[in-house]
Structure formats: structure tokens, C-alpha cells
Amino acid sequence: MKVTLQDVSKGRALPKTSLKFHSGAVRYALAETEQRPTVLGLIASGRMKTETGLVTIDGAADAKALRRTVALVDAPDVSDPHPDIALAGVVAEELMFAGKPATPLHARRWLAQVGYDDLGSAPIGTVDPAARVRILCELAVLRDGVEAIVLVSPDRHGGSPDGWWRIAGEFADRGIAMLVILGGSAAVALERMQELGAVNASGPIEPLRLPEPAPAHASSEDDEDDESGLPHDEKPLPGSDLGSTRAAAPASFEERGEAADSTPVDDREEAAASASLHERTDDDPEEEGAR
């Protein structure tokens, strides 16, 4: 299954953006400002009409199929649970949407099955960011027909991005198409681990660069080793101690991402697009509000 967004836009809330995500892989899209991540998530999951461009699923422009197939997870002001609701209550509601038994007892049993039985009474706003992503994504794939997840702004909850990055990769390994919409700070953190393949919906982020090697000093002894024990042309570059960070990142994550051209845009929004967040497609009333 493959979802393609081609030159989609929504006024000032989202400039023209193109990206693809497909089964068995993770795709990251950069989207800054308060509303842009949610608008992009709504469009990518078939829950908002675009002003320009086209969204297709397996080559067909079918918004109903998108809504059935793509779960929109944790989108601010749309599908994110209120931070004060107990985690067991959130689970019970999602179990109901999935057509499962949804009593408080069933919710706690489900949490125990996924290893979070001690968090049932905790407000979801206090749950560790990685655990939150794991729980909400596991609940999303319980729904019949869900083959893809659009996860919106997991970085807004704090913590290190490698937690939800790893979890997104695990869902991709299970055959789920994963699109994670994130901000620039998280992107830079992931870039340090050489794990970023992203479409930039907010403007280019300059790549990180290692310092240039110092020029070799001309002398008759250039071929001799210096005190490091290495010839001059084999000495480590300044800053090469960053390699320890890269080594900590599993190579399989890099394989899951796809490189794509960035779409530079002006990220200085002149006005909020609050009305656009409430606009949904109306051709399928029974699925309105599906997350």
C-alpha cells in the first residue's frame, strides 16, 4: 500500500508539499508552526480537502479508502487525548472504536498485555513519550483495515526522539506504512544519528558538517608518522568522536527511511489557519471524527 501527496496545499496553513509513504517503511516529514503538522496529518489521512494537488492511495484518489486505511494518531486538537484523562480511560475509548470490549477491566487487561499495567491510573499527559507512542499506535492498529499510521508531532511531548523513532521502525517491520510528522529540532537530533530521510514542509535545514581536515604541512618528512602513530593522510578528522553517536544508531533504521527532495517554503506564517483544522470531508459521515 502506498500513499502519495502531490503538490498538496491548504492556504497559509500548508504550502505546496509532496511526499510518499508505503507499507513496511517509515517516512518523516518536517512541519513547523503550531497548525501545520496537524493540517498535513489530516490531508495525508484523507480527513481534509486540499486547495491544490492530489492525495492518492495505490494510485486512486479515494478519500474514503484513505480514512479506512490510515489512522491519524495523536494529532493536536483533533485526535490527541486530553492530558488529564487516565490512561485506562483512553485505552477503553480506543478499544470501543476498534469494536473490542471496552470496560475499565478490559482496558487494564489490555495494558497488562502490552506491558503497561502499572500506568492505568496515570493521566496520559504524564506518560513517558515513547510509551505514549507505543500505546496509541498499538491501539490504532487494532481497528479493522488499518494499514498505515500518520503520527503527528511526537516530539512535542519531550524526551529523546530515538525512542519513538525505534518504535515507528518496529511498526514498519510489521508491515505498517508509517508517516511521522516532526519539527526541526527532532530532525536535527535524528540527523546526528544519520537516520533522517524527510520531506521538509517548512524550509530547508542545513546539514550537519564535520570540520574540514587541517592542511598538511609541507616538509621533507611528510611521509613519516606523527605522534598519533598514523600517517598524516590517515589521521582522524577533528570532531570524529561523533562517530560514537552514529554507532549507537541501528543500521536498520537508516534502511527504513527514504531520501526525498525538500520543498522549501516560507515558514513565517502571517496568520493562523484555525478554521482549516475544523474542515473535514463530509462525504462519509459515519467516519467523521475517526482517528
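Residues numbered from 1 in each chain as written. Predicted model: local features only at pLDDT ≥ 70, side-chain atom pairs only at ≥ 80, totals over all residues. Heavy atoms only, no water.

Enquirer: I keep staring at the pairing of strand S3 (residues 26–30) and nothing clicks. Help me out?
Expert: Consecutive side chains along a regular strand alternate between the two faces of the sheet. For S3, the buried fraction is high: five of the five residues fall into the buried class. Residues Val26, Tyr28 and Leu30 of S3 are buried on one face, and the alternating residues Arg27 and Ala29, pointing to the opposite face, are buried as well. As paired strands, S3 and strand S7 (residues 177–182) are joined by five bridges and run parallel to one another. Counted as the bridge partner of Val26 is Met178 from S7. (Buried < 20%, exposed > 50% of the residue type's maximum accessible area, 1.4 Å probe, protein only. Helix = DSSP H or I, 4+ residues; strand = E, 2+ residues; numbered from the N terminus. Pairing = 2+ DSSP bridges.)

Enquirer: Can you help me understand helix H1 (residues 36–44) in this one?
Expert: Owing to its 3.6 residues per turn, the α-helix aligns residues three or four sequence positions apart on the same side. Of all nine residues in H1, nine are buried; the element is thus mostly enclosed. Every buried residue of H1 is accounted for by Arg36, Pro37, Thr38, Val39, Leu40, Gly41, Leu42, Ile43 and Ala44. A positive backbone phi angle near 75° is found at Gly46, which sits one or two residues after H1.

Enquirer: What exactly am I supposed to notice about the confidence of the model for the protein here?
Expert: Interpretation of the predicted coordinates at a detailed level should be avoided for regions scoring low in pLDDT. On average, the protein scores 76 in pLDDT, and the residues at 70 or more come to 66%. In the model, residues 203–210 has pLDDT below 50 throughout and makes 16 contacts with residues more than four positions away in sequence or in other chains. Within the model, the stretch residues 218–291 combines pLDDT values under 50 with 117 contacts to residues more than four positions away or in other chains. (pLDDT = per-residue confidence, 0-100. Contact = heavy atoms within 4.5 Å.)

Enquirer: What is the right way to look at the packing of aromatic side chains in this model?
Expert: The description of two aromatic rings rests on the distance between their centres and on the angle between their planes. One pass over the full model with this rule turns up two aromatic pairs. Aromatic pair Tyr28 and Trp164: ring centres 6.4 Å apart, planes at 40°, arrangement tilted. Of the two residues, Tyr28 sits in strand S3 while Trp164 sits in helix H6 (residues 161–173), which places them 136 residues apart along the sequence. You'll find Tyr28 and Trp164 in the same group, each marked buried. (Phe/Tyr/Trp six-rings, centres within 6.5 Å; stacked < 30°, edge-to-face > 60°.)

Enquirer: Which parts of the structure should I look at to understand the sheet that holds strand S2 (residues 14–22)?
Expert: Neighbouring strands of a sheet are bound in pairs by backbone hydrogen bonds; such pairs are parallel or else antiparallel. The strand order S2-S1-S4 describes an open sheet built from three strands, whose pairing is antiparallel. Among the strands making up the open sheet, the edge pair consists of S2 and strand S4 (52–57). Averaged over neighbouring strand pairs, the angle between their axes works out to 10° when direction is ignored. Bridge analysis of strand S1 (residues 2–10) against S2 gives six bridges, and the strand direction is antiparallel. Note that in S2 the partner of Thr4 across the bridge is Lys20. (Axes fitted to C-alpha atoms, helices over the stretch in contact; angles between N-to-C directions.)

Enquirer: What am I meant to see in the nonpolar core here?
Expert: One broad rule of soluble globular proteins: the nonpolar side chains tend to lie buried together. Core analysis: the biggest nonpolar cluster contains 40 residues, and Tyr28, Val91, Ile149, Trp164 and Leu182 have the highest contact counts within it. If one sorts the elements of this core by residue count, helix H5 (residues 129–140) sits on top with seven residues. In this view, Leu182 contacts Tyr28, Ala29, Leu30, Ala31, Asp155, Trp164, Ala187 and Leu190; residues no more than four positions away in its chain are not counted. Of all hydrophobic cores here, the second largest spans 29 residues; its members include Val8, Leu19, Leu179 and Ile181. (Core = buried A, V, L, I, M, F, W, Y, C linked by side-chain atoms within 4.5 Å.)

Enquirer: I would appreciate a short explanation of the side chain of Arg47 in the present structure.
Expert: When you line up the elements, Arg47 lands in the loop between H1 and S4. Here Arg47 falls in the buried class, since its relative accessible area comes to 3%. At 3.4 Å, the side chain of Arg47 and the backbone oxygen of Arg67 are in polar contact. (Polar contact = N/O pair within 3.5 Å; in protein donor to acceptor, adjacent residues only side chain to side chain.)

Enquirer: I keep staring at unusual backbone geometry and nothing clicks. Help me out?
Expert: Excluding glycine, a negative phi dihedral is what most residues carry, and trans is how most peptide bonds are arranged. If you check the backbone angles, Asp7 has positive phi at about 55° while not being a glycine. On the accessibility criterion, Asp7 (36% relative accessible area) is partly exposed. In this structure, Asp58 takes a positive phi of about 50° despite not being glycine.

Enquirer: Explain the pattern of salt bridges to me, please; I cannot follow it from the model alone.
Expert: Where charged atoms from two side chains of opposite charge approach closely, those side chains can pair. Following the criterion strictly, the structure yields seven salt bridges and no others. Of the charged contacts in the structure, one is a salt bridge between Arg156 and Asp80, with a shortest N-O distance of 3.8 Å. With Arg156 in the loop between strand S6 (148–152) and H6 and Asp80 in the loop between strand S5 (70–73) and helix H3 (87–97), this pair connects stretches of sequence that are 76 residues apart. Overall, the relative accessible area of 34% leaves Arg156 in the partly exposed class. Taking relative accessible area as the criterion, Asp80 reaches 27% and is therefore assigned partly exposed. What emerges from the salt-bridge pattern is a single network uniting Asp74, Asp80, Arg132 and Arg156. (Salt bridge = Lys/Arg side-chain N within 4 Å of Asp/Glu carboxyl O.)

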